[in-house]
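Survey of secondary and tertiary structure
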Amino acid sequence: MRRRLVQALGLAAVLAIVVGTLRDRVPSPGKIGAALRQADPRWLAVAAAAEFVSMGMFARQQRRLLTAFGVTLQRRRILALSYSRSAISISLPPVRPCPPPTRSSSSGQAARTGSRPPR
């Protein structure tokens, strides 16, 4: 009983954080509903099928890679991991990569190490 209460409170907290965070970034449910009503149902079905196949193929790829390293997972679990990975990668902001070294810093390093700088 206590475990279910803790889970329910945790879910409520996560939902409150999500709603608070995405409040100004997500269209209202009315706008989403209007867009879905105006969309061609055939194209929605094609898009949903393509996404379903894409996620299934990604899950198969991940399962094969993990199996090659000796890790075995059920199809259901690897599919759940694929969906969660996709949700995380879509929802998190992109991380900017470090800028490449400047010509002067790479030549200085090359002089210290005795190697040639990249061209």
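Provided above is the structure to which this section pertains.
Described below are features of the structure shown in this document. (Residues numbered from 1 in each chain as written. Predicted model: local features only at pLDDT ≥ 70, side-chain atom pairs only at ≥ 80, totals over all residues. Heavy atoms only, no water.)

Another aspect to go through is the side chain of S82. Residue placement: S82 occurs in helix α4 (residues 75–91). Excluding residues that lie within four positions of it along the chain, S82 makes contacts with M55, F58 and A59. (Helix = DSSP H or I, 4+ residues; strand = E, 2+ residues; numbered from the N terminus. Contact = heavy atoms within 4.5 Å.)

Helix length check: α4, at 17 residues, gives a terminal C-alpha distance of 24 Å against a target of 24 Å (1.5 Å per residue), a fit within 8%. For α4, the complete set of buried residues consists of I78, S82 and S86. Looking down the long axis of α4, one finds its buried residues gathered within 80° of arc, a one-sided arrangement. Of the residues in α4, the exposed ones pointing more than 90 degrees away from the buried face are R76, R77 and S91. (Expected span 1.5 Å × (residues − 1). Buried < 20%, exposed > 50% of the residue type's maximum accessible area, 1.4 Å probe, protein only. Arc of directions from axis to C-beta.)

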